[in-house]
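Read off the chains here:
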Amino acid sequence: MQIAIDGPAASGKTSLGAALAQQFGYLFAETGKMYRAVALGLERGLKLDEIDISVDGNNHFLLNGEDVTDLLHSPRLDQAASRAAIRPEVRRKLVSLQQQIARGRDIVMEGRDIGTVVLPQAEIKIFLEARPSSRARRRMKQRKELDFRTTLREIVARDERDSTRDIAPLNPARDAIIMNTDQKSLEEVICEATDLVKEYLEGHCCVQ
Ligand code: DC
């Protein structure tokens, strides 16, 4: 069983993905963190072919063997990851790693191009949507950033870059279920998605 969750920055993909993975006992893969780890490597002056990204059993992200999980979430890396993600050779490297991780596994994978490029065969595809202002407010809560206008501006800049790049721009897959989360709590979104997964499993004789 493969579940793809896509959507723009701060739309709640990680919270939803982690909750679904835990509930159904599936592996959880956050692909944004892989782009962030590559961006960190490039910032450190490494060439792409000198960068090795891996994920350990505790969902920690390793850059050439070093655990960099705690370094990946900063406004600087938000933008650097989005810029690195434009490069075709970066995408090739990470899509291949992501497909390798997902092969033959029950998995929830979140990102921007999971339903369209990485796992086009995923049984369930969810695309989260929310207004930039709602997402900026959520991001501020997570990171305790106080400046709403700067946070909003950075989210809009990232939306623009992620949606207009030539390769794998952010787009819902044709068979994705679009969930608008502006008026919903995280609990409501998780409940709705859980029902979708249960419905799918019941329809395919594999009730959990
Ligand atoms: O989900 P995130 O904010 O951690 O992602 C960081 C950046 O990585 C995002 O701005 C675009 C890029 N990204 C991507 O291009 N494709 C993915 N599957 C995941 C992330």
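See the structure printed just above.
Keep in mind it's a predicted model, so treat the numbers as computed, not measured.

The rules behind these values
Residues numbered from 1 in each chain as written. Predicted model: local features only at pLDDT ≥ 70, side-chain atom pairs only at ≥ 80, totals over all residues. Heavy atoms only, no water. Core = buried A, V, L, I, M, F, W, Y, C linked by side-chain atoms within 4.5 Å. Buried < 20%, exposed > 50% of the residue type's maximum accessible area, 1.4 Å probe, protein only. Helix = DSSP H or I, 4+ residues; strand = E, 2+ residues; numbered from the N terminus. Contact = heavy atoms within 4.5 Å. Salt bridge = Lys/Arg side-chain N within 4 Å of Asp/Glu carboxyl O. Pairing = 2+ DSSP bridges. Near = heavy atom within 4 Å. Polar contact = N/O pair within 3.5 Å; in protein donor to acceptor, adjacent residues only side chain to side chain. Axes fitted to C-alpha atoms, helices over the stretch in contact; angles between N-to-C directions.

Colleague: Sorry if this is basic, but what is going on with the nonpolar core here?
Modeller: One recurring pattern in soluble globular proteins is that nonpolar side chains are buried together. Ranked by internal contacts, the top residues of the largest apolar core, which has 32 residues, are Ile 53, Met 109 and Leu 119. At the level of elements, helix H2 (31-43), strand E4 (61-63), helix H3 (75-84), helix H4 (88-102), strand E6 (107-111) and helix H5 (114-118) are the ones that each hand at least two residues to this core. Setting aside residues no more than four positions away along its own chain, Ile 53 makes contact with Met 34, Ala 37, Val 38, Leu 62, Leu 63 and Leu 97. Of all hydrophobic cores here, the second largest spans 20 residues; its members include Met 1, Ala 19, Leu 128 and Val 197.

Colleague: How do you make sense of the pattern of salt bridges when you look at a structure like this?
Modeller: Note that side chains of opposite charge can pair when their charged atoms are close. According to the stated counting rule, one finds 13 salt bridges in the structure shown. The partner of Arg 143 in a salt bridge is Asp 78, with the nearest N and O atoms 3.0 Å apart. Remark: Asp 78 occurs in helix H3 and Arg 143 occurs in helix H6 (residues 132-143); sequence separation between them is 65 residues. Assigned by exposure class, Arg 143 and Asp 78 land together as buried. For Arg 135, the salt bridge identified is with Asp 159, shortest N-O distance 2.6 Å. Within this pair, whereas Arg 135 is found in helix H6, its partner Asp 159 is found in helix H7 (residues 148-164), the two being separated by 24 residues in sequence. Overall, Arg 135 belongs to the buried group, its relative accessible area being 3%. One salt-bridge network, in which partners are shared between bridges, spans Arg 36, Asp 78 and Arg 143.

Colleague: Is there a simple way to think about the side chain of Gln 98 in this case?
Modeller: Within the secondary structure, Gln 98 is located in helix H4. In this structure Gln 98 comes out as buried when scored by relative accessible area, which is 0%. Beyond its immediate sequence surroundings of up to four residues, Gln 98 is in contact with Thr 31, Met 34, Tyr 35, Met 109, Ile 114 and Val 118.

Colleague: Would you mind going over the pairing of strand E1 (residues 2-6) with me for this structure?
Modeller: In the case of a regular strand, side chains alternate between the two sheet surfaces. Within E1, five of the five residues are buried, which leaves the element mostly enclosed by the surrounding structure. Residues Gln 2, Ala 4 and Asp 6 point to one face of E1 and Ile 3 and Ile 5 to the other, with burial holding for every one of them. In this sheet, E6 lies alongside E1 in parallel orientation, the contact comprising five bridges. Counterpart to Ile 5 in the pairing with E6 is Glu 110. One ladder, built from four bridges, connects E1 with strand E7 (residues 124-129); its direction is parallel. Across the sheet, the residue bridging to Ala 4 is Lys 125, located in E7.

Colleague: Mind showing me how you'd approach the site of the ligand here?
Modeller: Taken together, 15 residues sit near the ligand, with Arg 36, Arg 91, Arg 112, Asp 113 and Arg 165 positioned nearest. Between the ligand and Arg 36 there is a distance of 2.7 Å, counted from an oxygen atom to a side-chain nitrogen or oxygen. A distance of 2.8 Å separates an oxygen atom of the ligand from a polar atom in the side chain of Asp 162. For the shell around the ligand, the elements supplying multiple residues, two or more each, are H2, H3 and H7. At four residues, H2 tops the list of elements feeding residues into the shell around the ligand.

Colleague: Sorry, what's going on with the sheet that holds E4 here?
Modeller: By definition, the strands of a sheet pair up through backbone hydrogen bonds, in either a parallel or an antiparallel sense. Ordered in space as E3-E4-E5, the three strands form an open sheet in which the pairing is antiparallel. The open sheet has two edge strands, strand E3 (53-55) and strand E5 (66-67), and neither has a second partner. Seen against the sheet, H2 touches E3 and E4 and runs at an angle of roughly 25 degrees to E4.

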